[in-house]
Amino acid sequence: MVQLAPAVAMDEVTFRSDTVLSDVHLYTPNHRHLMVRLNSVGQPVFLSQFKLLWSQDSWTDSGAKGGDHGDVHTKEPPSAETGSTGSPPGSGHTQEEDDILGEEAQGSPHDIIRIEHTMATPLEDVGKQVWRGALLLADYILFRQDLFRGCTALELGAGTGLASIIAATAARTVYCTDVGADLLAMCQRNIALNSHLAAAGGGVVKVKELDWLKDDLCTDPEVPFSWSQEEISDLYNHTTILFAAEVFYDDDLTDAVFKTLSRLAHRLKNACTAILSVEKRLNFTLRHLDVTCEAYDHFRSCLRALEQLADGKLRFVVEPVEASFPQLLVYERIQQLELWKIIAEPVT
């Protein structure tokens, strides 16, 4: 459990060793991260801002057609996360909160994504934090607007919803999925907080429950974030992009993610592309008495197994994505971050 110090600054929060902390925020210890509320289980929720180095007016026709992306206009990256102007209507934040965050404001609201998140959580609640892999995935989506433009996409294990929000700047519909009413409610708040970004691109984000351990989608109207039959039909008839970030930290869950990817790919009407983001984390284990990457190694073995899957219906082509594209989002792009593309296409 998190033990709070009297002050609300993130770098003054203390916590026990049984918590998990995303190191995204450790690299900006002097940046203001405003604590805005306690969530339904008593965890402190913070509001952070991330700078977009893009202009929605600068995407060229050649980029939209999948051509040369060199015409994308970017701004010179600042040294850290930066602030924003006031919250859009319906965000639920006070003027005082906006004033505090606005002390560092630069640029227009369309240059900022604002995310509510927790800072340190038990392992089962890590989706409530912001992770570097989600920032890399969002960055790639900004770069590959041509891939997402006008499509229907689904994010698995969306966490705070950051990547789904970015995807909605180009996609027609984004299904932002995860499990847990509190986490999904946080997604919904973040989508409302950044509704101006999706509105500018004409995209819609729908927050839905999707449990990797269940074969079917929840359609019970009494359950929050359940699916309607119309949404299920739209999902299976139109989805062409699946994406996920930082969901490969537990072997059993990694197995469930890949089973879900395969199941969805087989149910979709169209061929699809999955984009996966992962951070290769080094850990010293007593079992090996050495530094290992067990979770990452298991992720790679699942990629190989998926590529070798032969059921006569689909074939899966797995390709690494070079993380050398222009950076359109301010974060630390370390060498341990990786992107992988999986193309699912019918066997002919």
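Further up the page is the structure itself.
Here the structure is a predicted model, which is why all the values come from computation and not from measurement.

Asks: I keep staring at helix α10 (residues 294-307) and nothing clicks. Help me out?
Replies: Helical geometry note: an α-helix holds 3.6 residues per turn, so side chains three or four residues apart project in the same direction. Between its first and last C-alpha atoms α10 spans 20 Å; for 14 residues at 1.5 Å apiece the expected length is 20 Å, and the two agree. Among the residues making up α10, those that are buried are Y296, H298, F299, C302, L303 and L306. Buried positions in α10, seen along its axis, are confined to an arc of 160° and lie on one side of it. Tucked inside the fold, the buried residues of α10 contact α9 (251-267), β12 (272-279), β15 (314-321) and β16 (337-346).

Asks: It is not clear to me how the packing of aromatic side chains should be interpreted in this structure. Could you clarify?
Replies: The description of an aromatic ring pair rests on the distance of the ring centres and on the angle between the ring planes. The tally for this structure, following the rule as stated, stands at 8 aromatic pairs. Clustering of aromatic rings is evident, with ring pairs tying together F248, F258, Y296 and F299. Against the face of F325 rests R333, its NZ or CZ located 4.2 Å from the ring centre.

Asks: What's the story with the nonpolar core in this structure? I'm lost.
Replies: Buried together is how nonpolar side chains tend to be arranged in soluble globular proteins. With 50 residues, the main nonpolar core has F50, I113, F148 and F243 as its most contacted residues. Judged by nonpolar contacts, the second largest core, of 37 residues, contains L154, L242, L261 and L314.

Asks: It is not clear to me how α9 should be interpreted in this structure. Could you clarify?
Replies: With 17 residues, α9 should cover 24 Å at 1.5 Å per step; its first-to-last C-alpha distance of 24 Å lies within 8% of that length. Burial in α9 covers these residues: T254, A256, V257, F258, T260, L261, S262, R263, L264 and A265. Between the side-chain oxygen of the N-cap and the backbone nitrogen of D252 there are 3.1 Å, and the N-cap of α9 in question is D250.

Asks: What is the right way to read the pattern of salt bridges from this model?
Replies: A side chain of one charge can pair with a side chain of the opposite charge if their charged atoms are brought near each other. According to the stated counting rule, one finds 17 salt bridges in the structure shown. Counted as one network, the salt bridges with shared partners bring together R132, E246, E279, R281 and E332.

Asks: Just checking my understanding: could you explain the environment of D139 for this structure?
Replies: Of note, D139 is situated in helix α3 (residues 132-143). Its relative accessible area of 0% is what places D139 among the buried residues. Residue contacts for D139: discarding those within four places in its chain leaves F325, P326, Q327, L328, L329, Y331 and R333. Among the polar contacts listed, one links the side chain of D139 to the backbone nitrogen of L328, at a separation of 2.8 Å.

Definitions and limits used
Residues numbered from 1 in each chain as written. Predicted model: local features only at pLDDT ≥ 70, side-chain atom pairs only at ≥ 80, totals over all residues. Heavy atoms only, no water. Helix = DSSP H or I, 4+ residues; strand = E, 2+ residues; numbered from the N terminus. Expected span 1.5 Å × (residues − 1). Buried < 20%, exposed > 50% of the residue type's maximum accessible area, 1.4 Å probe, protein only. Arc of directions from axis to C-beta. Contact = heavy atoms within 4.5 Å. Phe/Tyr/Trp six-rings, centres within 6.5 Å; stacked < 30°, edge-to-face > 60°. Lys NZ or Arg CZ within 6 Å of the ring centre and 35° of its normal. Core = buried A, V, L, I, M, F, W, Y, C linked by side-chain atoms within 4.5 Å. Polar contact = N/O pair within 3.5 Å; in protein donor to acceptor, adjacent residues only side chain to side chain. Salt bridge = Lys/Arg side-chain N within 4 Å of Asp/Glu carboxyl O.

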